[in-house]
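Below, each chain spelled out in residue letters.
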Amino acid sequence: MSLLLPQIRSVLFGVAVGDALGVPVEFVSRYALRRNPVTDMRGYGTHFLPAGTWSDDSSLTFCLAEALSRDFSLKTLADNFVRWARQNYWTPYGEVFDIGITTAEAIRELEKGTDPEQAGCAEESCNGNGSLMRILPLVFYIKNMPVAQRFDITRKVSSLTHAHIRSIMACFYYLEFAARLLDRTGPFLIYEQLKKEIPPFWKSLKLPRKEINLFCRLLDDDIYELPEEEMKSGGYVLDTLEASVWCLLTTASFKEAVLKAVNLGHDSDTTGAVTGGLAGLLYGFDNIPDEWLRQIARFNDIENLARRMAKKLTESS
Ligand SMILES: [Mg+2]
């Protein structure tokens, strides 16, 4: 068995489980969830879909994993995104039931044949969490590359849909966190390491100081000391990134981390998916509750995808 397989499984199922826990309560307020918190895999709710249904976050994550299970190229990834939006590729039950505005516009550009690096919106207003929610499998592809190359490939893969530097920086922070979890470094040590290493690197790239400063709650403060009222959980990329790191650092199991994320409310599926990916890596596949895994749509197809991706990445390493 490939040594990578358990970790690839943790990522794919961690994202899908966090996503599926959040789908029935997407758009529900934190206040409403406080009275009726998610404690288990629920069915129906917001989108009226059965328990275990994952959404666009997981679909696009699987599209990336598929591209990584062959000879990776942005073109293959772009084709997979178009197939998802138009032909229901990697949907849980053969239907796309949600798609972000920025992602939908980028997919229309990709369909027209626009260069993948130019397809995504680069406006400041296009900093939703739509690239962060689908980026995690990339960690396996870039983890052994020099940091400048890791940043460059992250930029390209985010830019397919989200090309503003803030979205790229958020994806980069998230993937750097994940890469260190792969090496079994503890999450608090990772959090401190990234505080030391990321700002000088971003300064060396001459990224705008204003953008670097926006990451201050991750890079200067101790985010785990902030109360829940300080954490937002809407669709803005920085809110999702902060919330996922906060959930990871303030809980002690996969189950606790993803339930905390989902119960923040609003963009529950994406906060759940982004947290679930990190929590999957930290606690491992074996600590994702079995009763949740059993309900996940297309479990066997996801397991097969994990195996194909592990095989490809093991061959090419
Ligand atoms: Mg979603």
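Structure shown above.
What you see is a predicted model, and the numbers here were worked out from it, not measured in a lab.

## What to know about the overall build of the protein chain
Argument step 1. A count of helices and strands for the protein chain gives 17 helices and 0 strands.
Argument step 2. Projected onto the principal axes, the alpha-carbon positions of the protein chain cover approximately 45 × 45 × 40 Å.
Argument step 3. Expressed as a percentage of the 317 residues in the protein chain, the buried residues total 51%.
Argument step 4. The long-range share in the protein chain, meaning contacts at least 24 apart out of those at least 6 apart in sequence, stands at 75%.

## Some remarks on unusual backbone geometry
Argument step 1. The backbone of Phe27 sits at a positive phi, close to 75°, despite the residue not being glycine.
Argument step 2. Within the secondary structure, Phe27 is located in the loop between α1 (5–22) and α2 (30–35).
Argument step 3. Despite not being glycine, His266 shows a phi value in the positive range, around 65°.
Argument step 4. Position of His266 among the secondary structure elements: in the loop between α14 (254–262) and α15 (268–283).

## Thoughts on helix α8 (residues 147–159)
Argument step 1. Relative to the 18 Å expected for 13 residues at 1.5 Å per residue, α8 spans 18 Å between its end C-alpha atoms, a close match to the ideal helical length.
Argument step 2. For α8, the set of buried residues is Arg150, Phe151, Thr154, Val157, Ser158 and Ser159.
Argument step 3. Contacts made by the buried residues of α8 are with α4 (74–87), α6 (116–119), α7 (138–142) and α9 (165–182).

## Points about α14
Think of an α-helix as 3.6 residues a turn; residues three or four steps apart then line up on the same face.
Argument step 1. Where burial is concerned, most of α14 is hidden: 7 out of the 9 residues are buried.
Argument step 2. Looking only at α14, the buried set comprises Phe254, Ala257, Val258, Leu259, Lys260, Ala261 and Val262.
Argument step 3. Summarising the contacts, the buried residues of α14 are in contact with α1, α13 (237–249) and α15.

What counts and what doesn't
- Residues numbered from 1 in each chain as written.
- Predicted model: local features only at pLDDT ≥ 70, side-chain atom pairs only at ≥ 80, totals over all residues.
- Helix = DSSP H or I, 4+ residues; strand = E, 2+ residues; numbered from the N terminus.
- Buried ≥ 20, exposed ≤ 12 C-beta atoms within 10 Å, placed from the backbone.
- Contact = placed C-beta atoms within 7 Å.
- Expected span 1.5 Å × (residues − 1).

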